[in-house]
Amino acid sequence: MKLPVSLFVFALLYSFLLATSAHTHENFLQCLTLHSGNDSISKVIYTPSNSSYSSVLESSIRNPRFSTPSTPKPLVIITPLGVSQIQEILSCAQKHGMQVRVRSGGHDYEGLSYVSPVPFVILDMINLRNISVDVENSFAWVQSGATLGELYYEIAEQSKTLGFPAGLCPTIGVGGHFSGGGYGTILRKYGLAADHVIDAHLIDVKGRFLDRKSMGEDLFWAIRGGGGASFGVIVAWKIKLVPVPSTVTVFTVNKNLEQNATKLLHRWQYVADKFDKDLFIRVLLTGVNSSQEGKKTVQAAFNSLYLGGKDKLLPLMQESFPELGLVSEDCKEMSWIQSILYFAGFPTGQSLDVLLNRTLTVPSYKAKSDYVKNPIPESGLEGIWQRLYEKEAAELAGLILTPYGGKMSEISESAIPFPHRAGNIYKIQYLVYWSEEGTAATESHVSWIRRLYAYMAPYVSKSPREAYINYRDLDIGTNNEGNTSYRQASIWGTKYFKNNFKRLVHVKTVFDPTNFFRNEQSIPPLSH
Ligand code: FDA
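Residues numbered from 1 in each chain as written. Predicted model: local features only at pLDDT ≥ 70, side-chain atom pairs only at ≥ 80, totals over all residues. Heavy atoms only, no water.

**Observations regarding the state of the cysteines**
1) Next: All chains considered together, the criterion is met by one disulfide.
2) Next: Linked covalently through their sulfurs, Cys31 and Cys92 form a disulfide whose S-S length is 2.1 Å. Here Cys31 and Cys92 share a disulfide; its torsion about the S-S bond, -80 degrees, makes the bridge left-handed. In this pair, Cys31 sits in helix 1 (residues 5-36) while Cys92 sits in helix 3 (residues 83-95), placing the two residues 61 residues apart along the sequence. (Disulfide = S-S within 2.5 Å. Helix = DSSP H or I, 4+ residues; strand = E, 2+ residues; numbered from the N terminus.)

**Quick word on the site of the ligand**
1) Next: As a matter of local geometry, the ligand sits amid 32 residues, with Val102, Ser104, Ser113, His177 and Tyr468 nearest to it.
2) Next: Take His107: an N or O atom from its main chain is 3.1 Å from an oxygen atom of the ligand.
3) Next: Between the ligand and Ala229 there is a distance of 3.0 Å, counted from a nitrogen atom to a backbone nitrogen or oxygen.
4) Next: Looking at the shell around the ligand, the elements with two or more residues in it are strand 3 (99-103), helix 5 (174-179) and strand 10 (233-240).
5) Next: Ranked by the residues each element gives to the shell around the ligand, the list is headed by helix 5, at three residues.
6) Next: Taken together, the residues of the shell around the ligand sort by class into 13 nonpolar, 16 polar and three charged. (Near = heavy atom within 4 Å. Polar contact = N/O pair within 3.5 Å; in protein donor to acceptor, adjacent residues only side chain to side chain. Nonpolar A, V, L, I, M, F, W, Y, C, P; charged D, E, K, R; others polar.)

**Here's the deal with the pairing of strand 14 (residues 296-306)**
1) Next: Among the eleven residues of strand 14, nine are classified as buried, and the element is accordingly described as predominantly covered.
2) Next: Sheet topology note: the strand 13 (residues 279-289)/strand 14 ladder contains eleven bridges and is antiparallel. Note that in strand 14 the partner of Gly287 across the bridge is Val298.
3) Next: Here strand 13 folds back onto strand 14 in antiparallel fashion, the turn holding six residues, of which Gly294 has a positive phi close to 75 degrees. (Buried < 20%, exposed > 50% of the residue type's maximum accessible area, 1.4 Å probe, protein only. Pairing = 2+ DSSP bridges.)

**Considering the environment of Val271**
1) Next: Within the secondary structure, Val271 is located in helix 8 (residues 261-271).
2) Next: As a C-alpha pair, Val271 and Pro403 span 132 residues in sequence and 9.3 Å in three-dimensional space.
3) Next: Apart from the residues within four sequence positions on either side, Val271 is in contact with Ser320 and Phe321. (Contact = heavy atoms within 4.5 Å.)

**Focus: the packing of aromatic side chains**
1) Next: Counted under the stated rule, the structure contains 22 aromatic pairs.
2) Next: Plain terms: the ring middles of Tyr152 and Trp336 are 5.5 Å apart, the flat faces sit at 90 degrees to each other, and that makes the pair edge-to-face. Here the residue Tyr152 occupies a position in helix 4 (residues 148-158), and Trp336 occupies one in helix 10 (residues 336-343), the gap between them amounting to 184 residues. Of the two residues, Tyr152 and Trp336, neither departs from the other in class, the shared state being buried.
3) Next: Relative to Phe343, the ring of Tyr342 has its centre 5.4 Å away and its plane inclined at 80 degrees; by these criteria the two rings are edge-to-face. Across the pair, exposure class does not vary: Tyr342 and Phe343 are buried alike.
4) Next: The rings of Tyr109, Tyr183, Tyr365, Phe418, Tyr433, Tyr468 and Tyr471 are connected pair by pair, giving a single aromatic cluster.
5) Next: Above the plane of the ring of Phe139 lies Lys238, whose end atom (NZ or CZ) is 4.2 Å from the centre.
6) Next: In this structure, Lys368 packs its charged tip against the face of Tyr453, placed 4.4 Å from the ring centre. (Phe/Tyr/Trp six-rings, centres within 6.5 Å; stacked < 30°, edge-to-face > 60°. Lys NZ or Arg CZ within 6 Å of the ring centre and 35° of its normal.)

**Some points on the UniProt feature "domain: FAD-binding PCMH-type" (unreviewed entry) in the protein chain**
1) Next: In this numbering, the UniProt entry assigns the feature "domain: FAD-binding PCMH-type" (unreviewed entry) to residues 70-244.
2) Next: For residues 70-244, the helix share is 26%, the strand share is 25%, and the end-to-end C-alpha distance is 47 Å. (UniProt positions renumbered as here; feature names shortened; annotations may be inferred.)

**With respect to the pattern of salt bridges**
1) Next: Applying the stated criterion across every chain, the model contains 30 salt bridges.
2) Next: A salt bridge links Asp218 to Arg503; the shortest N-O distance between them is 2.8 Å. On the criterion of sequence distance, the pair formed by Asp218 in helix 7 (residues 212-222) and Arg503 in helix 15 (residues 500-511) is long-range, its members being 285 residues apart.
3) Next: For Asp218, a relative accessible area of 31% puts it in the partly exposed group.
4) Next: A residue is classified by how much of its surface remains accessible, and Arg503, at 31% relative accessible area, is partly exposed.
5) Next: A salt bridge links Asp475 to Lys366; its shortest N-O distance comes to 3.7 Å. Placement of Asp475 in the loop between helix 13 (439-456) and helix 14 (486-497) and of Lys366 in strand 16 (residues 364-372) is noted, with a sequence separation of 109 residues between them.
6) Next: Given the relative accessible area of 1%, Lys366 is considered buried. (Salt bridge = Lys/Arg side-chain N within 4 Å of Asp/Glu carboxyl O.)

**Some remarks on the side chain of Ser116**
1) Next: Mapped onto the elements of the fold, Ser116 is located in the loop between strand 3 and strand 4 (120-124).
2) Next: Polar side-chain contacts of Ser116 include one of 3.2 Å to the backbone nitrogen of Val118.
3) Next: If sequence neighbours within four positions are ignored, Ser116 has contacts with Pro72, Gln99 and Arg101.

**A closer look at the sheet that holds strand 6 (residues 139-143)**
The strands that make up a sheet are held in pairs by hydrogen bonds between backbone atoms, and each pair lies either parallel or antiparallel.
1) Next: Within the open sheet, the five strands sit side by side as 5-6-10-8-9. Their pairing is antiparallel. The open sheet has two free edges, formed respectively by strand 5 (131-134) and strand 9 (209-210), since each of these has just one partner strand.
2) Next: Where helix 4 meets the sheet, its contacts fall on strand 5, strand 6 and strand 10, and the angle it forms with strand 5 comes to roughly 35 degrees. (Axes fitted to C-alpha atoms, helices over the stretch in contact; angles between N-to-C directions.)

Structure representation (structure tokens):
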């Protein structure tokens, strides 16, 4: 049989690449064992020939879309036990041309912490998750491999009146979350997790172990919201804890279209960012079956946390959002830590131990984000409803609207790289899930969410159309592997960071001029 020339060249190239990567990875492993001497690094190295390789790889893959037989797999996974092992990994990876992907909680929406198009190693922070809370001085040190659940648990063990303004899902890793901003139910009162980082430990491309003082204010600025993976390996964060009252109140009021959901949501847009800072009301929109046989409707779930008792909440709601018709029976009073469980979807009375569970099983998904600066007219909302009735949205799809305002508007756009501050009424997260396997199912669901995103263009922020880095979305632009240009990166970079993108590029150019720490959406140094 005669192979066409192009196929022959491709086959040759492919076998060459395979041989080179096998060679690279053997040299890399040799380098590690050589450097570590009597060190225990061999116990935390997993190659495909190791029986635990698959379970370690899958342990924190949070989007099964990136766990298929055709997904590129790491040549090696290493779960370092300390700083010196991270330094060895970085040094050997540079010597032998291995790309490193750092993984803390594995929640990256596009799987960038555990997938790469080139031969790569995963540096998994799972063994570095110490947390020490200093109640007297209201701060904590938390290592990047800890989850938010572990952090919240530890804070609650030590104090009933301290909390932390980070995300809603307890399995999220501190490493990726803080470096991309990180918001939760108390963002209107306190801002983001990254706004509360007061020191950090990082290992840079030269293997130096740096703290805030030794890294300097530019790099310290960049890692608080500039996205993980561009500047080094963040080992630990020092965070300022915030006061929370001993009693908070939660409620979820569901309204469908027959119960005036469109008008209520329209009204919500005028008040959500102006409420008292202690009040957070987000809205979850999904298509559901109507009570009328064979018909569909949209459900708007008004899902709220109030930092105080219901005696204060009810008059406040009467004054600022009476249309919702909140009554005492809708409200549940609890401690702040119980509200963490409530928003994570656990039933009332569940033991706090669930916060220590690192497993999360969800179907494949695709997400996107937008910022809204002017209320969307009712006719615009009705166009969303039509899309929620389409067949791709049938399993689970929806929008989560998170109100801004309050403290979020008081912090300057350049205080940290996260720029979405004053002027934003709310952020939208679009989500679609599917359980069906195969590329056809993936394509149809991804296409559905892209159509919805295209429909939303007139109603959301423009020039740039802003997006949240922690809701990673490769649709908005990517770098070229091996040839990252400033111009190409600024397409996605200005959406995530607006004017802060330029300063991030400057910091990158100083601290990682060879672009060792890179992925499809990492900050490029200027020479590239
Ligand atoms: P992961 O380990 O995948 O890392 C994400 C990125 O950071 C990768 O590029 C990785 O290489 C890099 N990185 C990780 N650790 C690093 C380290 N130590 N040093 C340097 N770089 C590092 N967000 C939010 O703000 N509020 C919320 O409520 C939620 N809720 C939520 C729920 C669910 C189910 C998911 C899947 C995600 C969210 N998110 C969120 C988004 C979440 O904040 C975002 O995905 C974070 O980047 C996840 O951090 P992980 O460490 O888990 O991810």
